[in-house]
Structure formats: structure tokens, C-alpha cells
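Structure at a glance
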Amino acid sequence: MSKEEEKQRRQTLDQVLEDVQLDQQLAEIKHKIIVLSGKGGVGKSTVSANLALSLALAGKEVGLLDIDFHGPSIPKLMGLEGKRAGIEADRIVPITFAGKLKVMSLGLLLQGEDDAVIWRGPMKMGAIKQLIKDVAWGRLDYLIVDSPPGTGDEPLSIVQLLKNPTGAVVVTQPQDLSTADVRRSIVFCRQLKLPVLGVIENMSGFVCPKCGETVDIFKSGGGESMAEKMNVPFLGRIPIEPAIVAGGDSGEPFVYFRGKSETAIKFTQMAEKLIHSIEDKADDDDKEADSKKEEKEPMAESVCRYAVPTANGELCLHFGHCDQFAIIDVDLNTKQVVQSQLQTPPPHEPGVLPKWLHSQNVHIILAGGMGQRAQSLFTQNGIQVVVGATAGKPEDIVLAHVRGALATGENICDH
Ligand code: ADP
């Protein structure tokens with residue numbers, strides 16, 4: 001094996017290991033909610049923090065993850081500025097707010113508060129992955145993710161990394177320009193098949209502290225009518241509340257320190273609405289899954305699942321011509337096969353095999369030859385492709401790959 005091939009093999013295995021660890025972490029988190037807004041300054045972080053706390057105060061196990069690279073504001077809002085997350089057993093320990101809410105933010109990892117970090121695309125993706133995979137979140141009922149504003153790379157990365165997020169909460173202000181922005185956020189969710197759990201209209205009217213009358217400084221109700229037009233749930237309105245600004249500045253999150261106020265009660269009601277809509281649906285989904293008895297067994301950490309196309313029990317050089325696939329689990333630590341079985345694929349049609357192998361939780365397909373298009377279909381389904389295997393029993397080929405001893409020839413099929 002050449003140096004280049006060996007490097008590629010290591011990268012493939014490292015990536016698989018990372019994906020397995022990410023999957024395991026995600027499996028511990030029941031509901032993942034991404035908080036989005038069309039633009040900055042509409043109160044997305046404020047809503048994320050107060051909603052997360054409301055869920056925690058309702059007795060749920062909750063994590064709050066801030067992935068705003070350019071201005072992580074959650075530490076300030078939660079009074080955690082200056083704190084630094086520790087490391088225990090190779091994992092980052094989130095900071096717990098008032099014994100109730102686990103908080104993680106890039107701001108808790110940087111050395112100094114004014115550290116300027118120039119984040120390039122791939123670094124951001126890697127950092128977001130680490131903030132999920134390498135943080136000791138433990139078992140959570142809810143993970144609330146405060147995403148950067150807009151519909152750019154970072155919200156997209158987080159939707160992809162969370163694999164199957166429960167949905168998005170979209171924060172808007174009542175005036176028209178902002179609702180046009182938020183319409184884009186809803187379209188973004190639809191394109192990614194991410195359910196919109198609800199729209200929150202923030203800074204909606206001002207309750208006069210002297211007379212108690214509500215003054216609509218911006219035109220109120222824009223968020224609600226937009227939600228209705230776009231057929232998404234409306235979760236509620238939060239007025240402009242001077243105590244929210246003061247609490248944000250002093251690091252005393254509003255719903256915790258002013259829990260009895262009318263505005264805090266609105267947050268509590270929104271959290272309850274969310275819990276009902278999510279958990280009722282999850283119960284229904286569980287019943288449906290039970291009735292189909294399709295529960296997948298969780299895979300042990302460090303186990304990598306290979307697929308090898310076979311004919312008569314041996315590697316079939318043309319993956320499209322095989323009659324069965326050997327599905328082989330290997331422990332990457334011990335480099336031993338822990339399970340091996342033959343599976344018959346559904347009838348071959350373009351795009352069917354990658355989806356089928358993805359549903360079988362396969363990480364790597366090891367083949368003799370495969371065209372570029374088929375390779376990219378596998379990659380899109382999260383399956384790494386290794387081509388150029390020449391001959392042999394599937395278990396031997398897989399073990400040779402794991403141990404770095406697989407001799408690969410030319411990709412025999414390149415169309
Ligand atoms: P974003 O995350 O969308 O950029 P922030 O949550 O950081 O917005 O809020 C921007 C500013 O608006 C902060 O100073 C915050 O305290 C203030 N703010 C947010 N929501 C309200 C509200 N309902 N009433 C008053 N001020 C608010």
C-alpha cells in the first residue's frame with residue numbers, strides 16, 4: 001500500500017469512528033431544537049436562553065448550545081462570562097446554570113473574552129461537530145441550539161450534523177422587513193425537510209410600566225399572520241420588556257430571576273406548547289415504530305460496519321452485479337470481526353443500494369469497481385467508498401483494510 005493510500009485509509013477509518021461517536025451522542029438526546037432567525041438582533045439568543053430555562057424549570061433535562069461564531073452571546077446572557085469549560089476523561093464538561101441547565105458555547109472555550117477567531121468554513125463545521133460529539137452532554141430531553149442568524153453555512157451545518165433534528169423555532173420581530181427575512185428561514189427549513197415547530201414574535205408591543213397599557217411600537221401581529229399564511233404554528237408573543245435588557249446585561253436570565261412576571265409566564269406557556277406538540281408526536285411515532293417492530297440495535301463504540309458486494313460468497317468485482325452483500329462489523333480497537341452476515345439487496349435500480357445500505361447503518365463499502373456517480377450517491381448517504389479490492393473472502397478483505405494491509409488495484413469500473 002502506498003503512503004497516499006495508507007493516509008486515505010486512516011482518514012476513512014478516523015471519519016467513521018467520529019461518525020459512530022457522533023451517532024452515539026445524538027442517540028442520548030431525545031429532541032434537538034434549532035433556534036433560527038432571518039437576521040441578527042431580533043432576540044434569538046434571548047429567546048433560546050429563556051426557552052431552554054423554561055423547559056428545564058418544567059422538569060426536563062436540557063442542554064443549551066450556542067454556535068454563534070462571531071458573537072457568542074449566551075455566556076453573557078447567562079452570567080457565565082469568564083468561566084471556562086473543563087475537560088474530564090477526554091470530554092468537555094458543559095457549565096451548569098443553577099444546577100438545571102447545561103450550557104456550552106464557543107465563548108466558554110476561548111481563552112480570553114476578546115479573543116478574535118477567524119473561522120473558515122471547514123473549521124466551523126469541525127468545531128460544531130466537536131461541540132456536539134466531544135461535550136459530555138449526558139442524557140438530555142432537549143438540546144436547544146442557538147444558531148447564527150440567516151440561512152447560511154452554519155445553520156445548514158448544524159441541521160446536517162444533528163442528522164434528524166426535531167425541528168426549528170423561528171424568532172422574528174413584528175415589523176414587515178423582519179417577517180420577510182423569517183419567511184426565508186421557513187423556506188430554508190422546508191428545503192431541508194426540517195419541521196418548523198413554531199414562530200415566536202419577539203419585541204411585540206411595549207407594556208407601559210406606568211399605566212399597563214400595551215403600545216404597539218412596531219406594527220404588532222406580523223409574525224402571527226405570516227405564520228398563518230405559511231401554515232406553521234405560532235407559539236406566542238414576547239413584548240419589549242426593559243427587564244429583559246437589564247437581565248441580559250447583568251447576566252440574570254429573565255425567566256429564572258423574574259419567574260412570576262407576565263412575560264416569564266409567556267415563556268413558560270410557549271415551552272409547554274412545545275413540549276405538548278413534540279412529545280405527543282414522539283409518543284405517536286414510538287407507537288408506530290413499536291407496531292412495526294423495527295428497532296435498530298445501537299452499535300458499540302469503535303465498531304465500524306462494512307459492506308462488501310459478493311457473488312458465491314466471494315468479492316464480486318462489479319458491485320452492481322452482486323447477488324448479496326456481506327455486512328461485517330469490525331471492532332477498530334481489537335481489529336477483529338465481531339459479526340458477519342449475508343444480506344440480499346432489493347432489486348438494483350439507480351440510487352436504491354446506497355439508501356438500502358444506509359438503512360443498514362453501513363459506514364464503508366469496499367468494492368472492486370464503482371463508477372463516479374454511484375460513488376457520489378454513497379457519499380451523499382454518509383457511506384465511505386473504497387474501491388480497487390481485487391479478490392478474496394469478504395472477511396479477509398475487510399480485516400486487511402482495517403489492518404492497513406489491503407492491496408488495492410485499479411478501480412475496474414470508471415463509468
Ligand atoms: P440576537 O440573538 O437575535 O442577535 P439578542 O438575543 O442578542 O438577539 O438580543 C438583542 C438585544 O435585544 C439584547 O440587548 C437583548 O437584551 C434585547 N432583547 C431581546 N429580546 C427583548 C425583549 N423582548 N425586550 C427587550 N429587549 C429585548
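For every chain, the first residue of the written sequence is number 1, and numbering continues from 1 onward in sequence order. Totals for whole chains, interfaces and linings use every residue, but because this is a predicted model, local features are given only for residues with pLDDT of at least 70 and side-chain atom pairs only at 80 or more, for both listing and counting. Hydrogens and water molecules were not included; the side-chain quantities draw on all heavy atoms of the structure.

Moving on, we get to the site of the ligand. To be near a molecule or strand, a residue needs just one of its heavy atoms within 4 Å of it. In the vicinity of the ligand there are 15 residues, among which Gly41, Lys44, Ser45, Thr46 and Glu241 approach most closely. Distance and chemistry together define a polar contact, namely a pair of N or O atoms within 3.5 Å, with one atom able to donate a hydrogen and the other to accept it when in protein, and with adjacent residues in sequence counting only for side-chain atoms on both sides. Contacts to the ligand include Thr46, whose side-chain N or O atom sits 2.6 Å from an oxygen atom. With residues, only the protein chains shown are counted as cover, and all accessible areas are computed by Shrake-Rupley using a 1.4 Å probe. Burial of the ligand by the surrounding chains reaches 80%, relative to a free accessible area of 560 Å². The way it works is that DSSP assigns letters per residue, a run of H or I at least four long becomes a helix, a run of E at least two long becomes a strand, and they are numbered from the N terminus. Going through the elements one at a time, helix H2 (44-57), strand E9 (196-207), strand E11 (234-240) and helix H8 (242-250) are the ones with two or more residues in the shell around the ligand. Residues of the shell around the ligand, tallied by class, amount to seven nonpolar, six polar and two charged. Here the nonpolar group is Ala, Val, Leu, Ile, Met, Phe, Trp, Tyr, Cys and Pro; Asp, Glu, Lys and Arg are the charged ones; every other residue, Gly included, is treated as polar.

Another point: the environment of Val398. Mapped onto the elements of the fold, Val398 is located in helix H13 (residues 394-402). With 187 residues separating them in the primary sequence, Val398 and Cys211 have C-alpha atoms 75 Å apart. Dropping the residues within four chain positions of it, Val398 is found in contact with Tyr306, Val308, Ile328, Val330 and Leu366. In this description, contact between two residues means that some pair of their heavy atoms is separated by no more than 4.5 Å.

On the surface, a cluster of nonpolar side chains totalling about 270 Å² of accessible area is made up of Leu57, Tyr256 and Phe257. Within the secondary structure layout, Phe257 lies in helix H9 (residues 254-257). What makes a patch is a set of residues exposed beyond 30% relative accessible area and free of salt bridges, joined within 9 Å when like-charged and within 5 Å when nonpolar (Val, Leu, Ile, Met, Phe, Trp, Tyr). Between Lys or Arg on one side and Asp or Glu on the other, a salt bridge is scored when a side-chain nitrogen of the former is within 4 Å of a carboxyl oxygen of the latter.

Within helix H11 (residues 352-359), the full set of buried residues consists of Leu353, Pro354, Trp356 and Leu357. End-on view of H11: buried residues confined to an arc of 165°, all on one side of the axis. Buried-residue contacts for H11 involve strand E12 (303-311), strand E14 (324-331), strand E15 (336-343), strand E16 (364-366) and helix H12 (372-380). Just downstream of H11 lies Asn361, where phi reads positive at about 65°. Note on exposure labels: buried denotes an accessible area under 20% of the residue type's maximum, exposed denotes more than 50%, and partly exposed covers the range between, all computed with a 1.4 Å probe on protein chains only. Working definition: the arc comes from the directions between the helix axis and the C-beta atoms, pointing outward to the latter.

Phi angles above zero are rare outside glycine, and Ala98 is one such case at about 50°. Position of Ala98 relative to the elements: it lies in the loop between strand E5 (95-97) and strand E6 (101-105). For Ala98, a relative accessible area of 39% gives the class partly exposed. Here Lys193, not a glycine, exhibits a phi torsion of approximately 55°, which is positive. Tracing the chain through its elements places Lys193 in the loop between helix H6 (176-191) and E9.

The next subject is the domain arrangement of the protein chain. Here the domain parsing of the protein chain yields domain 1 (26-292) and domain 2 (300-402). Here domain 1 and domain 2 have C-alpha centroids that lie 40 Å from each other. Domain segmentation is taken from an automatic or database assignment of domains.

The final tally for this structure, using the stated rule, is 15 salt bridges. Here Glu224 and Arg237 are joined by a salt bridge, their closest N and O atoms 2.8 Å apart. With a gap of 13 residues between them, Glu224 in helix H7 (residues 222-229) and Arg237 in strand E11 connect regions that are remote in the sequence. Owing to a relative accessible area of 32%, Glu224 belongs among the partly exposed residues under this scheme. Between Glu314 and Lys393 there is a salt bridge whose closest N-O contact spans 3.1 Å. Taken together, the residues span a long stretch of sequence, with Glu314 in strand E13 (residues 314-315) and Lys393 in the loop between strand E17 (384-386) and H13 at a distance of 79 residues.

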